[in-house]
Amino acid sequence: MADNKLDTNFTNRSLDTDFINKDLDTNTINSETPKMVELSIGGMTCSACSAAVERTTKKLPGVSSSSVNLTTNRATLEYLPSVIKLSEIKAAIDKAGYSATEIEGEKQADQEQERRDLEVRTMKRRVLVAAIFSSPVLYIALSHMIPQLKLPIPYFMGSHDFPLIFALVQFVLTIPVMLAGSRFFTVGLKTLVKGSPNMDTLVAIGTGSAFLYGIFATVKIYLGDFSFAQSLYFESAAVVITLVMLGKYLEAVSKGKTSEAIKKLMNLKPKTAIIIKNGIELEVNLDEVAVGDIVLVRPGSVIPVDGIIVEGMSSVDESMLTGESLPVEKQPGSTVTGGSINSEGLIRFRAEKVGADTALSKIIKLVQDAQGKKAPIAKLADIVSGYFVPIVLGIAAISAIAWAISGKDVNFVLTIFVSILVIACPCALGLATPTAIMVGTGKGAEMGILIKGGEALEATHKIRTVVLDKTGTITEGKPVLTDIRLYGELDEEETLTLCASAESGSEHPVARAIVESARNRGLRLIDPIGFKAVPGRGIDAMVKGSRILAGNIKLMKENTIDIVSSEKDALDLSLSGRTLMYVAVDGKLAALMAAADTVRPTSREAVSRLKDLGISVIMITGDNQNTAAVIAKEVGIERVLADVLPEDKASEVKKLQESGQKVAMVGDGINDAPALVQADIGMAIGTGTDVAVESADVVLMRGDLNEVASAIALSRATIRNIKQNLFWAFIYNLAGIPVAAGVLYIFGGPLLNPIIAGGAMAMSSVSVVSNALRLRRFKIKQN
Amino acid sequence: MKKMRKLSLVFIITLMTAVILTACAGTDVVLKYSPGSFDTIVKTFPELVTDNTLKDHYYYLSVDGETTLKISHDYDLTGGDDLVIQTPIAPFISAGLDVTKLGEGYKADGTTLYLTADYGKGTGMKNTATDSLFESVKADRSSLTYHQLLDHYGIKLLKGKFEFAKDYTTNDKDLVFVIAAKPLAELGVDVQNIDGWLFKTMKDTDGSDIDVLLKPYDLK
């Protein structure tokens, strides 16, 4: 269970850890923790396939959850190793007609990428073969079907005078196309036998019927019935297979583009690094760099791993990671992040985090996980797709039988049957959501907005209220001590020494400001004894035999400290936006200290942009109402929740939710974590603590509050895109099936040719993916 | 696994080649089946054919006794007139035909218009009308046609065609004499008004429109 603990560096003073411990305890009670595994699934072509894999794995005993993403071809499963072995899960997937390979670590992810690239290349080759052979089949067929085109063909292949040669040539040319598309038959028929037919089944039955009919027609011609030369259907089989394969190929290429954000991130990693060993420079592979190694980075080179500079100064371009365009100045003691670029000077740094522990690796993992997670909106498409193929098979069979009973000949009936099967392939439906989520989250990553999955993306677009934490979110979070008002016998230096000593162990921003001020004045601090943090109030410690209480008014009141003498000062200071800290020594008020935090330069603009999006903005803070109101006014926020204890932030968010609002909480501190979890969407400022980042649904890497509006705008654009995709995929199928079934023909309209059905089917998938790719051009409207 | 795949591929290619080679022998199904269709008609309706070979080397095939297909039983003996469609000329003259302007492929005398065709010297004397007719195809395969829409075979002459049903039992036009209308129209003949002949614009196998004069017969 230790592994499950969050990597934190918080103090007991400011964190309510109950919610974390509760989760950990619950898991411990359930004897065995489910193991999570990510599998690369081969052989999936449509949403019916992903639904089939999901169904197959969910049925297995010991598998507690399974989510299959068609776009990434990945399945994420949770299972109990004591109940079922991974090999059994893989075997079940194999049995269902697909292949499964475990993805472990970055090396395997690279191999998986290579495998996919190889798959795309193979697809390209097969499409080329199919196109080369099906083109003449189509040409020959068209010369017969539309003689007005006057397409010249050799005399000995004329459909009238040499019908058998005409048929045989098409038959021979169609065979390589069928071989190139043999996958449709092996997978399609296998899944049909297993009772979970998919898109391949539709293509296999449709084109297989057409091809078998062509052979039958050829035999009939050989036996003297030349009328069969009029509709051989070889061209339908060949062209439909080619178009579907072309569609699948274009889809695969486009799917590759949807994960370009990941590739861009992966490409940030250099292959090698230079380390200093015994005074000698050694170029080693990236995975050979160990924690503690001294790494040398020359100007213009990429920083290979995370670390702390020990020698040299430079400015570092971190834009690839944070989206921040300005280089950041670095000096000894500064942290550097792998993937950023050393712009100017030569630096040496000590490696602190390597391999999968680096920030870049974590970001890549986060984005990959996010892209693999389904949005709730995808479930509708999944449910429909699961039933779609069997229903289509039924519709095709019923329509064909109905037309046959009505007296139509075999050509007509076959046209109906094949057209329905071909036009109804649900690939567009299956691609509608995951492609848009991939592009949307990828685009977010490029902009420095890490959205943790489809669910977060979908929830973000519904946000109507944003609660902004004040310190560190609206403000810089680095207050400076501005005023010290004394009320006792101690002088300013003595008071400051005692208070700063007591606060030296605290992480609170005002406490840090006091300690820094004391150090700047050259005061010698003393280690406190019996340090006790009182959450939401302050600290209680012994320094030089004196009991020091430092904190807010509640701390004073709870300890019956008389603060009447400070009331006027407190009012004046808080009205000017200062954060107050009362200091009591041995039960008597000694001083009132005030700190001021500066508002981030982009906060006002960010609030304005949120309002433009129709979002209600609320500021939440532990400060008193007067102090909070000053900051709120400065940034243009009308509603303020002041005097809120850290543990109450979550309940304040809950109150807003109970009033029917979809709430996003934006924060940076450990104390914001419960509220981030409570909110419909938690957004963490990426420059904040690990706990906040872990607890949030959206991480704003740049630390710019403007990204809140950008994240909401991006999610709205993505969900709009998904809805467009779903609309067109549904409409396409809803309209296409009746047309293919001959509804228009009943009213004197045309009959749908299977070739046109195949083309339309391929185009529907390509158009859905292309529409999703439009999101790559998403731009934030600046005020 | 790879070996299996290769083997399968070789097997399929071999099978395909075998199929094609086997099929090659009988790929010209129109040539294969058309003599049978013609033979069936002349045997079912023997009165259609008159053997005049002893007199002028021709079999005469006619339904109405007027428009006739003359089939040479020995192409070597009939010079340039191996197949001849002969029909009364009066309706054509009435429609404006000037016989002096007739070119290659036509002949005329006072009463009859002849459409002729030369297929070379042939392969010797034939004993049946069917064998004699298909001597033309042996000389030139392109003279034999099949028209899918009408389900007709045809033997081309220079300016006309003789067509017969592939299956007379299901066809309502068992025999058809065809004269190309365009050359006559160019000679000033009012091709749409020739008594006894039906003017029609047909679709040729290449999709183009072709004007023809038809005289069809249903033998049943």
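Just so it is clear, the model here is predicted, and its values are computed rather than measured.

Cut-off values and rules
- Residues numbered from 1 in each chain as written.
- Chains lettered and ligands numbered in written order.
- Predicted model: local features only at pLDDT ≥ 70, side-chain atom pairs only at ≥ 80, totals over all residues.
- Heavy atoms only, no water.
- Helix = DSSP H or I, 4+ residues; strand = E, 2+ residues; numbered from the N terminus.
- Contact = heavy atoms within 4.5 Å.
- Areas by Shrake-Rupley, 256 points an atom, 1.4 Å probe, with all protein chains shown as cover.
- Pairing = 2+ DSSP bridges.
- Buried < 20%, exposed > 50% of the residue type's maximum accessible area, 1.4 Å probe, protein only.
- Arc of directions from axis to C-beta.
- Buried area = accessible area lost by both parts, 1.4 Å probe.
- Salt bridge = Lys/Arg side-chain N within 4 Å of Asp/Glu carboxyl O.
- Polar contact = N/O pair within 3.5 Å; in protein donor to acceptor, adjacent residues only side chain to side chain.
- Nonpolar A, V, L, I, M, F, W, Y, C, P; charged D, E, K, R; others polar.
- pLDDT = per-residue confidence, 0-100.
- Phe/Tyr/Trp six-rings, centres within 6.5 Å; stacked < 30°, edge-to-face > 60°.
- Lys NZ or Arg CZ within 6 Å of the ring centre and 35° of its normal.
- Core = buried A, V, L, I, M, F, W, Y, C linked by side-chain atoms within 4.5 Å.

Points about the overall build of chain B
Point 1. Scanning chain B for helices and strands turns up six helices and 12 strands.
Point 2. The long-range share in chain B, meaning contacts at least 24 apart out of those at least 6 apart in sequence, stands at 52%.
Point 3. Per element, the accessible surface of chain B, about 11,100 Å² overall, is 57% carbon and sulfur.

A few points about the sheet that holds strand 10 (residues 328–330) of chain A
All names here are of chain A.
Point 1. Reading across from one edge, 10-9-12 is the order of the three strands in this open sheet, with antiparallel pairing throughout. One side of each edge strand has no neighbouring strand; the edge strands of this open sheet are strand 10 and strand 12 (341–342).
Point 2. Taken together, the two bridges between strand 9 (residues 314–317) and strand 12 define a ladder with antiparallel strand orientation. Within strand 12, the position partnered with Asp317 by the bridge is Ile341.

Here's the deal with unusual backbone geometry
Point 1. Positive phi values are uncommon outside glycine, yet Asn278 of chain A reaches one of about 50°.
Point 2. Inspection of the secondary structure assignment puts Asn278 of chain A in the loop between strand 5 (272–277) and strand 6 (280–285).
Point 3. A relative accessible area of 78% places Asn278 of chain A in the exposed class.
Point 4. Here His57 of chain B, not a glycine, exhibits a phi torsion of approximately 75°, which is positive.
Point 5. Residue placement: His57 of chain B occurs in the loop between helix 3 (53–56) and strand 2 (58–62).

A word on helix 20 (residues 567–575) of chain A
Residue and element names in this part refer to chain A.
Point 1. Within the sequence span of helix 20, burial applies to Asp569, Ala570, Leu573 and Ser574. Down the axis of helix 20, the buried side of the element spans an arc of 120°, and every buried residue falls inside it.
Point 2. Where helix 20 is buried, its residues contact strand 16 (480–486), strand 20 (579–585), strand 21 (588–596) and helix 22 (625–635).

Some words on the interface of chain B and chain A
Note on interface size: it is often stated as the accessible area lost on association of the parts.
Point 1. Between chain B and chain A, the residue contacts involve 27 residues of the former and 25 residues of the latter.
Point 2. Here chain B packs against chain A, burying approximately 2,100 Å² in sum over the two surfaces, 63% of which is carbon and sulfur.
Point 3. The tally of links between chain B and chain A comes to zero salt bridges.
Point 4. Joining chain B to chain A, the criterion identifies eight residue pairs in polar contact (both at pLDDT 80 or more).
Point 5. Secondary-structure elements contributing two or more residues to the side of chain B that touches chain A are helix 1 (2–25), helix 2 (29–44) and strand 7 (144–147) of chain B.
Point 6. At six residues, the largest contribution of residues to the side of chain B that touches chain A is made by helix 1 of chain B.
Point 7. By residue class, the composition of the side of chain B that touches chain A is 11 nonpolar, nine polar and seven charged.

Remarks on the confidence of the model for chain A
Residue and element names in this part refer to chain A.
Point 1. Scored by pLDDT, chain A comes out at a mean of 81, with 86% of its residues at no less than 70.
Point 2. Between the elements of chain A, mean pLDDT differs from a low of 38, seen in helix 1 (residues 18–29), to a high of 94, seen in strand 22 (residues 616–620).
Point 3. Confidence drops under pLDDT 50 across residues 1–30; counting only partners more than four residues distant or on other chains, this segment forms 35 contacts.

Points about the packing of aromatic side chains
Point 1. What the rule picks out here adds up to 26 aromatic pairs over all chains.
Point 2. Between Phe171 of chain A and Phe211 of chain A the ring centres are 5.9 Å apart and the planes differ by 20°, which places this aromatic pair in the stacked class. You can see Phe171 of chain A sitting in helix 5 (residues 163–180) and its partner Phe211 of chain A sitting in helix 7 (residues 199–222), a full 40 residues away along the chain. The same class applies to Phe171 of chain A and to Phe211 of chain A, which are both buried.
Point 3. Look at Phe727 of chain A and Trp728 of chain A: their rings are 5.1 Å apart centre to centre, the planes differ by 80°, and that puts the pair in the edge-to-face class.
Point 4. For Trp728 of chain A, a relative accessible area of 55% translates into the label exposed.
Point 5. Aromatic rings pair up to connect Phe226 of chain A together with Tyr33, Phe38, Phe134, Tyr146, Tyr153, Phe162, Phe164, Phe177 and Tyr217 of chain B into one cluster.
Point 6. The ring of Tyr222 of chain A carries Lys32 of chain B above its face, with NZ or CZ at 4.6 Å from the centroid.
Point 7. Over the ring of Tyr58 of chain B we find Lys70 of chain B; its NZ or CZ atom is 4.6 Å from the centre of that ring.

Things to note about the environment of Leu97 of chain B
Point 1. Mapped onto the elements, Leu97 of chain B comes out in the loop between helix 4 (90–94) and strand 5 (106–108).
Point 2. Sequence separation of Leu97 of chain B and Asp190 of chain B is 93 residues, and the distance between their C-alpha atoms is 8.2 Å.

Quick word on the nonpolar core
Point 1. Core analysis: the biggest nonpolar cluster contains 118 residues, and Leu133, Phe164 and Leu184 of chain B have the highest contact counts within it.
Point 2. Per-element tally for this core: the top contributor is helix 5 of chain A, with 11 residues.
Point 3. What Phe164 of chain B contacts, discounting residues up to four positions off in sequence, is Ser34, Ser37, Phe38, Ile41, Leu133, Phe134, His152, Tyr153, Ile155, Asp174 and Leu175 of chain B.
Point 4. Counting 77 residues, the second-largest nonpolar core is a separate cluster that includes Ile437, Ala606, Val617 and Ala664 of chain A.

A closer look at the environment of His152 of chain B
Residue and element names in this part refer to chain B.
Point 1. Here His152 shows up in strand 8 (residues 152–156).
Point 2. Classification of His152 as buried rests on a relative accessible area of 1%.
Point 3. Residues His152 and Lys166, 14 residues apart in the sequence, show an inter-C-alpha distance of 5.3 Å.
Point 4. Contact partners of His152, with chain neighbours within four places excluded, come to Thr145, Tyr146, His147, Glu163, Phe164, Ala165, Lys166, Asn171, Lys173 and Val176.
Point 5. A polar atom in the side chain of His152 sits 2.9 Å from the side chain of Glu163.
Point 6. From its side chain, His152 meets the backbone oxygen of Lys173 in a polar contact 2.6 Å long.

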